[in-house]
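# Notes for the structure review
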Amino acid sequence: MSLTTELTTESSWAVAGGTLSVHTHASKTVGGEMRFAVFTPPQAAKGPVPVLWYLSGLTCSWANVMEKSGIQHAAAKHGILIVAPDTSPRGDQVADDEAYDLGQGAGFYLTATESPWAPHFAMDQYIQNELPPIIGEHFKADLNRQGITGHSMGGHGALTLHLKNPKHYQSVSAFSPIACPSQVPWGQKAFTAYLGDDKSTWANYDAAQLVAARPSAATLLIDTGDADQFLEEQLTPAAFVAACESAGQAVNYRMQPGYDHSYYFVSSFIEDHLAHHAAVLNAR
């Protein structure tokens, strides 16, 4: 079978018995070159394995989780392929902002409708529709078994993409997610810029509002640190958990004492999250 999407492999390393590789391709969805990383576990030598999407947070790229979290060791233990997309389109032709929480590095996993963002910012469509077939073409990936997780802005993306596509992502978890973005400064700034002032359009990208309208059959695993500097102003996990309880959404919410918002926190609980996904995906 001929491959329909050309990938350029930028780097490749042996790690944890598998392979970490970084690739670029021309994306039709965002109208430019995109970069992503894949960890292929050793079990893929025997056939297709489940896929876990890891969505990173503000200012981040594929490198943060792959270099700082130790996710490869947990993924190798459970036989799960990890895909880490970038957080936004990038390049000279792509609109940007001087602030760290808007523009390149801050795509918020949505489809922008406002100028100057609309031509390129469609990260939810890119991750949901364009990238999975590419992963299926080029890697030993079982696309019938997919989960999704992420950190901070990426936790927001993981929750919203799962709640809108529960059959596509059968398992879900999040580290320190921006769970009620319509109610906090990060989300309000981004949504106003990308989506406009009509707040009714924001609901499609707000996990608290989505879970109230359409809870899923999955159990959500969410970890947050009680020393997280963004806890009360930007993350508001209590409001999201309350929305889950009201909607009948199963959620395992854990407040971890002493942990902050960093990848020291993520690396401390990444094994728990991989085990959570493996219990669902390896049972299918």
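Please refer to the structure placed before this passage.
An account of the accompanying structure is given in this report. (Residues numbered from 1 in each chain as written. Predicted model: local features only at pLDDT ≥ 70, side-chain atom pairs only at ≥ 80, totals over all residues. Heavy atoms only, no water.)

### Some remarks on the packing of aromatic side chains
All chains considered together, the criterion is met by 11 aromatic pairs. Seen in terms of ring centroids, Phe191 and Trp202 are 5.6 Å apart; in terms of plane orientation they differ by 70°. Their pairing is edge-to-face. Of the two residues, Phe191 is situated in helix α5 (residues 185-195) and Trp202 in the loop between α5 and α6 (207-213); the sequence distance between them amounts to 11 residues. Grouping residues by exposure puts Phe191 and Trp202 together as buried. Ring plane angle 50° and centroid distance 6.1 Å describe the contact between Tyr259 and Phe265, whose orientation is recorded as tilted. Judged by relative accessible area, Tyr259 falls into the partly exposed class, the value being 29%. For Phe265, a relative accessible area of 0% corresponds to the buried category. An aromatic cluster is built from Phe175, Tyr259, Phe265 and Phe269, whose rings are joined through pairwise contacts. (Phe/Tyr/Trp six-rings, centres within 6.5 Å; stacked < 30°, edge-to-face > 60°. Helix = DSSP H or I, 4+ residues; strand = E, 2+ residues; numbered from the N terminus. Buried < 20%, exposed > 50% of the residue type's maximum accessible area, 1.4 Å probe, protein only.)

### Some words on the side chain of Ser152
With respect to the helices and strands, Ser152 occurs in the loop between β6 (141-150) and α4 (153-164). Its relative accessible area of 4% is what places Ser152 among the buried residues. Ignoring anything within four residues of it in the chain, the contact list for Ser152 reads Gly57, Phe175, Ser176, Pro177, Ile178, Trp186 and His261. (Contact = heavy atoms within 4.5 Å.)

### Thoughts on the pairing of strand β3 (residues 32-40)
Within β3, 7 of the 9 residues are buried, which leaves it mostly tucked inside the rest of the structure. A loop of 4 residues connects strand β2 (residues 18-27) with β3, the two strands running antiparallel in sequence, and Gly31 in this loop sits at a positive phi of about 70°. Examined bridge by bridge, β3 and strand β5 (residues 81-85) share 4 bridges and lie antiparallel to one another. Bridging from a neighbouring strand, Ala37 pairs with Ala84 of β5. (Pairing = 2+ DSSP bridges.)

### Description of the side chain of Thr24
Position of Thr24 relative to the elements: it lies in strand β2. Thr24 has contacts with Glu6, Leu7, Thr8, Glu10, Glu33, Met34 and Arg35, leaving out every residue within four places of it along the chain.

### Comments concerning the sheet that holds strand β8 (residues 220-225)
What links the strands of a sheet is backbone hydrogen bonding, and the strands pair in either a parallel or an antiparallel sense. Strand order across the open sheet formed by 9 strands is β1-β2-β3-β5-β4-β6-β7-β8-β9, with mixed pairing between neighbours. Every interior strand has two partners, whereas the edge strands, β1 (8-15) and β9 (251-256), have only one. Pairwise comparison of adjacent strand axes, ignoring direction, gives a mean angle of 20° for this sheet. Bridge count between strand β4 (residues 49-55) and β5: 3 bridges; the pairing is parallel. Among the inter-strand pairings, Leu52 is bridged to a residue of β5, identified as Ile82. (Axes fitted to C-alpha atoms, helices over the stretch in contact; angles between N-to-C directions.)

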